[in-house]
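Each chain is listed here by its residues.
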Amino acid sequence: MAVFWDSRCLQLCHHFSSKIRPSPFLFIRLFTSQELHPAFPFPSHGTYKNSKSGEPNLTTILIDQLLPSPCCSLPSTSHSLALTRVEQNCILMGLSRMVKTGRLFLLKRFFSYLELSLLADIMKFLAKHIDGSSAFLFFKMVFKCHFPCFFQDCCILAHHLSRKGMNLLCQDVLSYMVGRSIGDNACDFFEFLCATFDLYGSDVSVYDSLLRAYVRAGLVSMAVDTLSRMRNIGVMPSPSGLSILISSLFKMGDCAAAWRLFRDSLAKGPRPSIRTLNNIILGSCGNGDLERGKSLLAVMHKYGCHPDAFTFNIVINSCCTGGRMSDAFDLLSFMISSGCNPNTITYNTLLNGACKRGNMAEARKIFDRMTLEEGISPNAVTYNTLLCGYCKVGDIDQANATYVEMLEKGLSPDSCTFNILLSGCSKFGKKENADRVLRNMLERSVPPDSCTFNTLICRCCWTGQMEEAIELFHYMIDKGVSPCLVTFNTLIAGYARGGQVEEAFAVYQEMLRFGCQPSHVTYNSLLMSLCRKSKMDAAVELVSDMFDQGWHADKVAFTIMIDNYFRLGDGAKAFNLWKKMEDENVFPDVIAYTAFINGLCKMNCMTEAFQYFLEMSRRGLVPNNYTYNALIDGYCKIGNLSKALDLETEMKNKGLLPDLFTKNIIINGLCKVGKLKMAKTTFIHLHNDGLASDIVTYNTLIDAYCKASDMANAIEFVNKMSFDGCCPDIVTYNIWIHALCNSYMTAQALNMLDEVVSLGIAPNTFSYNTILNGICKDALDRALIMFGKLLKLAFVPNIVTVNVLLTHFCKQGMPSRALKWAEKLSQLPIAFDGVTHNILEMAQVSEYRFGENVSIQSTIDDDDVPLTAPLGFQLVGYVKKQKRVNSISFWLPEAPPGHVALACIAGKVPPKTDESHCMMHSE
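Residues numbered from 1 in each chain as written. Predicted model: local features only at pLDDT ≥ 70, side-chain atom pairs only at ≥ 80, totals over all residues. Heavy atoms only, no water.

## Some details on the pattern of salt bridges
Phase 1 of the analysis: The full count for this structure, using the stated rule, is 21 salt bridges.
Phase 2 of the analysis: With a shortest N-O distance of 4.0 Å, K573 and D570 are connected by a salt bridge.
Phase 3 of the analysis: Taking the relative accessible area as the measure of exposure, K573 reaches 44% and is therefore partly exposed.
Phase 4 of the analysis: D570 sits in the partly exposed class, given a relative accessible area of 25%. (Salt bridge = Lys/Arg side-chain N within 4 Å of Asp/Glu carboxyl O. Buried < 20%, exposed > 50% of the residue type's maximum accessible area, 1.4 Å probe, protein only.)

Right under this line is the structure:
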């Protein structure tokens, strides 16, 4: 079926090509202008509209002339809608060049007879005079409409292109064909190419193009089969095709198949090239087999190849990635001794390895050796690597100095340079530094990209400035920078971290409206936001929605939910979820095991926790510091210090250095069991191991010595704390205030509280509760006056405050006042707990018995009282030792049936039942 191009369109093309010969781009501009040419009518089957005016566009009109007419059996809707405006203009540019160079006859013949050989000629012309993309776009446009036998015609066109030496276009056509193949259609391509090979006078390179097409489509097994069938018919694959196939096998992780293919090439050909050997070394190193890659580098000369700079750079990079910097430098020496000169990439690789380890001193030595000794000029990548290293270790000043040095060398910073500086300043520097970098970026006319906006949005999310983050998001869109998955995930994670569930889900809906597909990170952030608000039912529903949309909960999602169930104290659901994770073949990693073990330790299930610790090791997972710290903390809490110390020793034997958190756990455990000398020794060893004690370390030791009434050692650690530059916080002052109150030094405690306020440290509820408790021991009325003043100062009491006041009322024999104050305090937004109810119950009993005893004593005649021994005594009150007065207990006699107690007994020890002063009255 022939499709005729509108003659007026051809005349117009000829008119433009003859009249506007100096500028072919003007031809395109006229055809893509927003105003229509009056002599160019719309095609009756065209449906294209101008984006602004709603009228048809001239570009699409010209493209539409190449499509079937309405009488064609194909659909009458516009097919150029599959092409973007840029693609349409690209095709028109090629067509205008053909008209200008006198190739109009070629277009006429092709659209008259639709011969594939003519299409190959047109594609060859477009590839030569425009570019390969124009030729391929023209192929896609005409093939979609005019060639119903798609797969067979693609193979025939591939023969024509291969015969004309257009191997890259041949590969593009076959890749497009393979990508659109369905089911087993792909299996027929090789046979059809073989059957039609002689008919079209093709070249054997067509088979190699098919092999590459399979690799590009990800059908590596089909590519291997094609290679085998090529050898069966006596066609030798090209070395580059073999190299690409081997590289693809390594990328898939099928190292055995890649090495097998390499051995076959040694026996059957082609002889491996330097590119093939480099790909094998790269694949081996990339899959963790560095030693085999190094061995192949050493024997490359046996295959007639000598390692080049690219070869050495692969192995050096693998050594640096694995942290084997000494091996990397040995390879550098071997490289120089082999006569291969290192280049900029070599030193950039070494520089990157040192920077990733945080060893900036070594990185600077490498940079100096590169520039001063070897005379190799650094490039922008060199300086960007140095900048990234300094920013990672938080040395922003040195990063700024390196940036200045980069400018002095005449190198222009790119967007990557500014993004690195912006990220470092946002994380370690001040906001002013980040703003300065951003201004400098705009002054140098470097437009911010998505990475720049993502860095700024991340900074706002990290600091909790979500309103500013959303403003940046909208500004980003206004500037024409499309938000990506990282942008949305950052915003969702920011809201999730702040517990703003509704806002997180609103960003998620906006993400879907932008057509951005969510990832596991997206769902895990949403899941975390729900778990932080303890909305576990909604979290389970979200996991169900993930499953409905084709996403399965990964180990991160399970870990988040398991950890939250433990946090809520629901160990049964956490355990069931762990079993469900294993049933769904989601294998837990080190983080998942650590979260599960930590949860069991918090529930004091140490036997089970240690069993899962052993199971983790049996599965080949290496426990990290967090895992050991969870177990050590659990054993310290139950008082099993020997087991905790054994685990610390095991950490060291396995190459894990106990961190400050580990030492703080052990010191706290030793202090709890009263082993203060061992705690002090651990503190000394902590500094000997190169660790710097923090505020938690000092507070733990100061608190332990204060509780042991060893104020000399407590003061010693306070002084050490100041000497080490560790400023005391409110916890430190609370410990000291509590110690003063316990020593009945309330005046000094109040002075300490005033000092805290003068230093700009805000006292918390614990501070005031401690002071109130101390004053109550001395003068209850004074404590009540202070409590009233604190309420006027916006002090928010908690349940501990209530219990302290009510307890002291009862201890000092004022149960009625305890009940009255309880009634007043119940008006505050505080829920009474079990301790409060016990105190009030004791106050009610004491008040009832005290009033009953008074009435009985007033009517008793001492001469007519029959006395009976009590059954026992019940403790009803206790006064602690105060200054020089010993502690006193109050005991109420338990009366036998028919008797009542007349009074209570005060003494240091429980009274005996036969004491004469325990008098009873018969009813």
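The discussion continues.
## Topic: the packing of aromatic side chains
Phase 1 of the analysis: Enumeration over the complete set of coordinates arrives at 31 aromatic pairs.
Phase 2 of the analysis: Both rings, one in F190 and one in Y207, keep their centres 5.3 Å apart while their planes meet at 45°; by these two values the pair is tilted. With a gap of 17 residues between them, F190 in helix α10 (residues 189-195) and Y207 in helix α11 (residues 205-216) connect regions that are remote in the sequence. Across the pair, Y207 and F190 agree in class, each one buried.
Phase 3 of the analysis: With centroids separated by 5.4 Å and ring planes inclined at 70°, the aromatic side chains of F613 and Y628 adopt a geometry described as edge-to-face. Here Y628 lies in helix α35 (residues 625-637) and F613 lies in helix α34 (residues 606-618), a separation of 15 residues in the sequence. Assigned by exposure class, F613 and Y628 land together as buried. (Phe/Tyr/Trp six-rings, centres within 6.5 Å; stacked < 30°, edge-to-face > 60°. Helix = DSSP H or I, 4+ residues; strand = E, 2+ residues; numbered from the N terminus.)

## Observations regarding the side chain of N699
Phase 1 of the analysis: Structurally, N699 can be placed in helix α39 (residues 695-707).
Phase 2 of the analysis: A polar contact is formed between the side chain of N699 and the side chain of T732, at a distance of 2.6 Å.
Phase 3 of the analysis: Residues within four places of N699 in sequence aside, it is in contact with M721, D729, V731, T732 and I735. (Polar contact = N/O pair within 3.5 Å; in protein donor to acceptor, adjacent residues only side chain to side chain. Contact = heavy atoms within 4.5 Å.)

## Some remarks on the confidence of the model for the chain
Phase 1 of the analysis: When pLDDT is averaged along the chain, the result is 80, and 81% of the positions lie at 70 or above.
Phase 2 of the analysis: Confidence drops under pLDDT 50 across residues 1-59; counting only partners more than four residues distant or on other chains, this segment forms 109 contacts.
Phase 3 of the analysis: Here residues 67-81 is a poorly scored stretch, pLDDT under 50, and it has 27 contacts once near neighbours within four places are set aside; other chains count. (pLDDT = per-residue confidence, 0-100.)

## Remarks on the nonpolar core
Phase 1 of the analysis: Within the largest apolar cluster, 124 residues are counted, with the highest numbers of intra-cluster contacts made by M561 and I771.
Phase 2 of the analysis: Broken down by element, the residue count for this core peaks at eight residues, all from helix α41 (residues 730-742).
Phase 3 of the analysis: With residues near it in sequence (within four places) discarded, I771 still touches I737, C741, A749, L750, L753 and M786.
Phase 4 of the analysis: Listed in part, the 123 residues of the second largest apolar core include A120, L161, M177 and F189. (Core = buried A, V, L, I, M, F, W, Y, C linked by side-chain atoms within 4.5 Å.)

## Concerning helix α27 (residues 485-497)
Phase 1 of the analysis: In this model, α27 (13 residues) spans 18 Å end to end at C-alpha, consistent with the 18 Å of a helix rising 1.5 Å per residue.
Phase 2 of the analysis: Listed in full, the buried residues belonging to α27 are T487, F488, N489, T490, L491, I492, G494, Y495 and A496.
Phase 3 of the analysis: At its buried positions, α27 is contacted by α25 (450-462), α26 (466-478), α28 (501-513) and α29 (520-532).
Phase 4 of the analysis: Residue G499 follows α27 closely and has a positive phi angle near 75°. (Expected span 1.5 Å × (residues − 1).)

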